[in-house]
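Now for the letters of each chain:
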Amino acid sequence: MKRSFILISFIALLSGCQLANSVDRPPDEPESESVVERDRSSERVAFGTKAATAETVHPITWDDFFDGDDVTEPSERLKALRGETVTLTGWMGEVLNLGQGWFLLIPAPGADCPFCSEDGQFWNKIMIVFVEEPSALRYTKEQVQVTGRIDVGIKVDESNYKTMFRLYDAQFDVLP
Amino acid sequence: MSLWRLTWKNMWHERSLLLLAMSTVALVTALLVFVQLASDEIEESAKRGYGPYELVIGHEGSPLSLVLHTFYHVGEPLGNVPYEVYEYVARSPWKDVAYPMTRGDSYDGFPLIGTDVNYFKTRYGALAIEGATYEQTGDVVIGSHVARATGLTVGDTFYASHGAADGHAHDEMPFTVTGILPPFGTADDRALWTTLDYAWHVHAEESDEEELTEGPITSIVVVPSGLMELQQLEQMMNERDGVQAVYSGKTASELLSVVDQGRAFVYVVTVVSFVIAGLSIMLALLAVGASRAKDIALLRLLGRSRSFITRSIVLEGALVTGIGSLVGIVGGHVIAAFVSPVIYDRFGIAIDAWTFQPMESLLVIGSIGVGMLVSFVPARRAYRVDPLTLIER
Amino acid sequence: MITVQQLKKVYESGGESDLVLSVASLHIKEGERVAITGTSGSGKSTLLHMMSGVMEPTEGSVVVAGTELTSLRPAARDAFRLATIGYIFQDFHLLPSLTAEENVRLALPTEHLSDEQVNRAFQSVGLAHRRHAKPHELSRGQQQRVAFLRALVSEAPLILADEPTGSLDAKTARATMELLQDLCRVRGKTLVCVTHDEALAATFPRQLRMETLNDALKGGA
């Protein structure tokens, strides 16, 4: 009897912790899923982290965005990866939309847009990231790693803006 | 006699003490529920609070202050920018639409805002307005909450007051209500809207200066033509002296981060309070247990097992916290219902008092767990009662 | 119903042992009504409590209704007691937070009594109108009768009474003891009653004296 009593109390306390964790949102560290590179065995079961799905995740870098100096269209590599799950690290640009749940990912931190110029527009290494959990989205100055389904090509997307590189259903981790 | 009935009878016998213990749990739970409701609403509000206007330009200073008074109509603007700043934006290729806004007066505590009437169409789509929109200086259209709170209707006239709600009224310039806006579910419901030039008109009347057709602008809200263009415009504007351009989304996010921290703090306080509440229950159960030692010995003599006795005590603990937390949850919603009109009036935050969240059931379960945990000590004491103590002389 | 063999109880304290009870053999048949008398310290209550399983003997065997009590684990002995024995105490021990009826139901873990049955039970002790009274609203005699009901109302075949009239005045004591014997006889229960009052003991069909039963008392202790 004593054992079952202790067990029940423990389970109830655990659910209390679960509740506290799901509700408490510290400013810079949103709830996130484990990313492929993380050791699966270190997943914290008690805090409800879901296991990453077992599909191939392709790591990409900012150099993969364009072929050489041609910035009028995406690289062949990225075009081939359309619809696949990719992962990439970068920094949050200062433009984000909490209601629609997206932010801009840029290669280097800083408030300035290093590639902007006065005349006309030309495409940059910038990716719009649509997050899976908009309620957890907050601006952070830290480096982030994003994982999601990639789409490339110039079009007006769900944000109502024209973009060239998009990531959908994305998880993002703040890197220490 | 069943376990439930005996436990209930025992609890009823000691109801004053147990009610006290229960109310500590109820209070803590109510606080938690209320904070959750309020912060949920703040978050929702912040998210839909600025519509498609990704950029806002105004007098240099705190970005948060600019966003707050422009979109949430909270706080006072600290300065204006010259009209030609707006002209620059209007001429630039980086904007899709941009509206200038002026602000300074208020009526009955609600701000009076002058802007292009197309501001509403861009943000909310086609308007189903009662009456007509404003056309000439002095015409005013009022938000739905303003109509409810002040009783103004189409055709009424009033005088605005400069600055705070109890500032002096301008005798020279009456305003006429031409229409009432439909409810938007945003802070715009709490404002009065008129032509851009009203503030310049009033100022000219007051100081006998020449009336301006192009006066100082409080804020410019911008829908950019693209994401690159948005960043371009932000950069250009920030290079100017006395001007700041602010990303609405990022600032809202920063506002929410502050709210997050506030909420985290409240959670810490709540956890501590829960611990205290749990301890108070343990004390109550121990006190009750001491007076019940003879009863326990009797039950054991009759043949009731030790497990029966301890189960009864654990059940008691669970019931005290379980009922306490249920009362607290209802109480939290009731408090929210009472307080929300006041909060909306002052801050534009409309707390929906009667949404029940999934976390609330977890809260009840967690409380019951705490109740069972703290009854461990009194239960152990009861377990050890030797029935022979009752009959040994 | 009850068979006791070579029963001994020794109390240890501070390195000294004190043999308080030694009964070679005792047999009580089903349906018997037995009074056990003796001066205080003669071990009569000790014997009673070993028959119920509340107290463990140091040595010997106690068989009640075919079950060897010493072979049962404590939790099983509790369950056995609840099902087989109705207990009556000198100080009644009714729970103050329950009504008379609820106190009676305490002894019924799973059996359900109909309203009719409860009524008849209370009638049999003359308390039909006081079913819903709390103990503090009843006289001592009335409380004791409620305690009787608690012991009698279940299917338990054995009633053990430890000085049931000890705190009553002489007149009430006599009437109460008569009532108890009647109730047991009518329901076919076995009754073992410990009392120091020889006159009351004399009303029982069978009487045992601890001084005769308890070998430990002999030999000059």
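These numbers come from a predicted model, not from an experiment.

1. Description of the interface of chain C and chain B
Taken together, the contacts link 21 residues of chain C with 15 residues of chain B. At the level of elements, helix 1 (44-52), helix 2 (74-84) and helix 3 (100-105) of chain C are the ones that each hand at least two residues to the side of chain C that touches chain B. Counting residues per element, the side of chain C that touches chain B draws most heavily on helix 2 of chain C, at five residues. Split by residue class, the side of chain C that touches chain B holds 12 nonpolar, four polar and five charged.

2. Some remarks on the confidence of the model for chain B
Regions with low pLDDT carry predicted coordinates that are not meant to be interpreted in detail. With 93% of its residues at a pLDDT of 70 or more, chain B shows a mean pLDDT of 85. The complex prediction reports pTM at 0.72, with the ipTM value standing at 0.85.

3. Things to note about the domain arrangement of chain B
Residues and elements named next belong to chain B. Partitioning chain B into structural domains gives domain 1 (3-46 + 255-392) and domain 2 (61-241). Taking the mean C-alpha position of each, domain 1 and domain 2 sit 50 Å from one another. On the domain 2 side, the residues contacting the four residues of domain 1 number seven residues. The residue inventory of the side of domain 1 that touches domain 2, partitioned by class, reads two nonpolar, one polar and one charged.

4. Thoughts on helix 13 (residues 376-383) of chain B
In an α-helix, one turn spans 3.6 residues, which is why side chains three or four residues apart end up on the same side. When helix 13 of chain B is considered as a whole, its buried residues turn out to be Pro378, Ala379 and Ala382 of chain B. Down the axis of helix 13 of chain B, the buried side of the element spans an arc of 100°, and every buried residue falls inside it.

5. Thoughts on the packing of helix 11 (residues 306-347) of chain B against helix 12 (residues 358-374) of chain B
Residues and elements named next belong to chain B. The geometry of helix 11 relative to helix 12 is characterised by a closest axis approach of 7 Å and an angle of 150° between their N-to-C directions. Taken together, the axes of helix 11 and helix 12 are roughly antiparallel relative to one another. Helix-helix and strand crossings are classified by hand; for helix 11 and helix 12 the assignment is right-handed. Contacts from Val314, Gly317, Ala318, Val320, Thr321, Gly322, Gly324, Ser325, Leu326 and Ile329 of helix 11 reach helix 12 at Glu360, Leu363, Val364, Ser367, Ile368, Val370, Gly371, Met372 and Val374. Here the residues of the contact of helix 11 with helix 12 sort into 11 nonpolar, seven polar and one charged.

6. As for the confidence of the model for chain A
All names here are of chain A. Of the residues in chain A, 61% have a pLDDT of 70 or more, and the chain-wide mean is 72. Mean pLDDT across the secondary structure elements of chain A bottoms out at helix 1 (residues 2-23), with 57, and peaks at strand 4 (residues 127-131), with 93. Throughout residues 21-52 the model reports pLDDT below 50, and contacts reaching past four residues in sequence, or to other chains, amount to 52 contacts. The model gives residues 117-122 a pLDDT under 50, and that stretch makes four contacts with residues more than four places away or in other chains.

7. Focus: the sheet that holds strand 5 (residues 67-68) of chain C
Residues and elements named next belong to chain C. A sheet is described by the order of its strands in space; here four strands give the open sequence 2-1-4-5, paired in antiparallel fashion. Two strands in the sheet have a free side with no partner beyond their single neighbour: strand 2 (16-28) and strand 5. Where strand 4 (residues 59-64) and strand 5 come together, two bridges link them in antiparallel fashion. Residue pairing for strand 5: Val64 is matched across the bridge by Thr67.

What counts as what
- Once a new chain begins, its residue numbering starts again from 1 and follows that chain's sequence as written.
- Lettering for chains starts from A, numbering for ligands starts from 1, and both go in the order in which the items are written.
- It should be noted that, the model being predicted, local features are given only for residues of pLDDT at least 70 and side-chain atom pairs only at 80 or more, the latter also being counted only at that level, while totals for whole chains, interfaces and linings use all residues.
- We call two residues in contact whenever the C-beta atoms placed from their backbones are within 7 Å.
- A run of H or I in DSSP counts as a helix once it spans at least four residues, and a run of E counts as a strand once it spans at least two, with each numbered from the N terminus.
- Amino acid classes used here: Ala, Val, Leu, Ile, Met, Phe, Trp, Tyr, Cys and Pro are nonpolar; Asp, Glu, Lys and Arg are charged; the rest, including Gly, are polar.
- pLDDT expresses how confident the predictor is about each individual residue, on a scale running from 0 to 100.
- Domain limits in this description derive from either an automatic procedure or a database domain assignment.
- Here a residue counts as buried when 20 or more other C-beta atoms fall within 10 Å of its C-beta, as exposed when 12 or fewer do, and as partly exposed in between; the C-beta atoms come from the backbone.
- Working note: the arc is built from the helix axis to C-beta atom directions.
- Only the stretch in contact is used when fitting a helix axis, every axis being a line fitted to C-alpha atoms; angles between N-to-C directions are given from 0 to 180 degrees.
- With respect to orientation, any angle under 35 degrees is reported as roughly parallel, any angle over 145 as roughly antiparallel, any angle of 65 to 115 as roughly perpendicular, and every other angle as oblique.
- Crossing handedness follows the turn of the near helix against the far one: under a right angle anticlockwise gives a left-handed crossing, and clockwise gives a right-handed one.
- Pairing between strands requires that DSSP locate at least two bridges from one strand to the other.

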